[in-house]
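Examining the three-dimensional arrangement
The primary structure of each chain is shown beneath.
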Amino acid sequence: MRQRLICTVGTSLLSNLNNKVGLETGSIKQPESWRNVSLFLLEKSNKDKVCGAEINSIASICQKGFLDRLTELTFLVSDTEEGKVTGQILKLYYENQVNPIRFDNVEVITLAGLNGKSFREFQVRGLKSLVKEISNKARIFTPETIAINATGGYKAQISFAGIIGQALDIPVYYMFEEFPEIIALPAQPVDLNLTFWFEHYPFFEQLYEEETIAKDDLVDPYQGEYYDALVDEVVVDGKSLVSLTPIGLLFHERCNLHFQRDQSVLIQHIHKDYTKPSQKRICIRHDHGEEILGQVARKLCQSPYVKEIINSLPFNTRWVNPIRRIYDNGKLELVLTRTDQGLGLCVQTTGKNKAETGAIARLLVEEYLQDYVHGN
């Protein structure tokens, strides 16, 4: 049931109020005037051009029956004063009981870095904020409940919102300025290479968690044909700093989403070890954390995808990703990030390559390490 609408927001509403109605922009920006402005808009038809692109397009989406229920409306606004003001006025407009199109919950989210001041900030922070916010909704509520209205905002923002929606299997709608009604953007094929993602999962996850990192600090560095599209690299004070590009971040989010949805199908094709858990070899160094590591090792041995616990790892006190490294031969390194010392284990799995080992690593973290890692 599609019941949540994510809407990109521009500033056409403020321009219309200023140019067509004569309201001064300065007065509109004052918080005490927002409610009166929303009441003024409610007196107009939601198809009146003065109401702006967001109200016009949302009215058309609802009229065409693209939403089954009006549960949640999320406005993604630019990191500008005008964008934030527009978002607050729209929030009041759609929360008002007089409005025939009233959502149960309306929220305004500012996309950090999405502004016209700096091209690099727009590209590096702004578009990545857009990816993260939409992906977060898809992760929490599933794509089947969400629709995207990509009518308002910067042209690059509108275009990228369309790409995000199609990558995450969320329908995207758009209203051209001179058109009387909304249209659904046609689906475009977006490559999903889970094998490539699993092979380099620690690389993607490290950059996702730390956002920007010195290239020399990457545990599982990647340098291949997709590098320029997936990774942004700059040199600061002679040191190379890397981060995921918006496309790289979207690729990571899309693969995450599909793995969560199709995990059982993907995993069942990997070879299993039917040795009894009590008979699987566990080797742990006799130092700090031996008791906790022993408990975790015994848990992991319950998995049919674990063959043995090879050894405990040196401390990784600042490590944030529980999957530290994966290998071609089925070995992987796991870190208990919630422990102060960053205790860890080297595990031999049934994986026959990096892709299979990466899939097993994700499964082990989700099934056995929830009490030992952050972010859960």
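Worth saying up front: this structure is predicted, and the values here are computed from it rather than measured. (Residues numbered from 1 in each chain as written. Predicted model: local features only at pLDDT ≥ 70, side-chain atom pairs only at ≥ 80, totals over all residues. Heavy atoms only, no water.)

Our focus in this paragraph is the packing of aromatic side chains. If you walk through the whole model with that rule in mind, you get 17 aromatic pairs. Taking 6.1 Å as the distance between ring centres and 75 degrees as the angle between the ring planes, the aromatic pair formed by Y94 and F103 counts as edge-to-face. Classification of Y94 as buried rests on a relative accessible area of 1%. An aromatic cluster of three or more residues is present, and its members are F196, F203, F204, Y222, Y227 and F251. In this structure, K132 is placed above the aromatic ring of Y208, and the distance from its NZ or CZ to the ring centre is 5.3 Å. (Phe/Tyr/Trp six-rings, centres within 6.5 Å; stacked < 30°, edge-to-face > 60°. Buried < 20%, exposed > 50% of the residue type's maximum accessible area, 1.4 Å probe, protein only. Lys NZ or Arg CZ within 6 Å of the ring centre and 35° of its normal.)

What follows covers helix α7 (residues 155-167). An ideal rise of 1.5 Å per residue puts 18 Å on 13 residues; α7 measures up with 19 Å between its terminal C-alpha atoms. Every buried residue of α7 is listed here: Q157, I158, F160, A161, G162, I164, G165, Q166 and A167. Among the residues trailing α7, D169 stands out with phi positive, at a value near 65 degrees. (Helix = DSSP H or I, 4+ residues; strand = E, 2+ residues; numbered from the N terminus. Expected span 1.5 Å × (residues − 1).)

It is worth spelling out the packing of helix α6 (residues 119-141) against α7 at this point. For the pair α6 and α7, interaxial distance at closest approach is 10 Å and the crossing angle is 40 degrees. Between α6 and α7, the crossing angle belongs to the class labelled oblique. As α6 runs across α7, the sense of the crossing is right-handed. Taken together, the residues of α7 that come into contact with α6 (itself represented by F122, L127, L130, V131 and I134) are A156, Q157, F160, A161 and I164. When grouped by side-chain class, the residues that make up the contact of α6 with α7 number nine nonpolar, one polar and no charged. (Axes fitted to C-alpha atoms, helices over the stretch in contact; angles between N-to-C directions. Parallel < 35°, antiparallel > 145°, perpendicular 65-115°, else oblique. Left-handed = near helix turned anticlockwise from the far one by under 90°. Contact = heavy atoms within 4.5 Å. Nonpolar A, V, L, I, M, F, W, Y, C, P; charged D, E, K, R; others polar.)

What follows is about a nonpolar patch on the surface. Taken together, the side chains of F176, F179 and I183 present a nonpolar region at the surface, about 250 Å² in accessible area. In this fold, I183 is placed in strand β6 (residues 183-184). The class for I183 is partly exposed, based on a relative accessible area of 32%. (Patch = residues over 30% accessible without salt bridge, like charges linked within 9 Å, V, L, I, M, F, W, Y side chains within 5 Å. Areas by Shrake-Rupley, 256 points an atom, 1.4 Å probe, with all protein chains shown as cover. Salt bridge = Lys/Arg side-chain N within 4 Å of Asp/Glu carboxyl O.)

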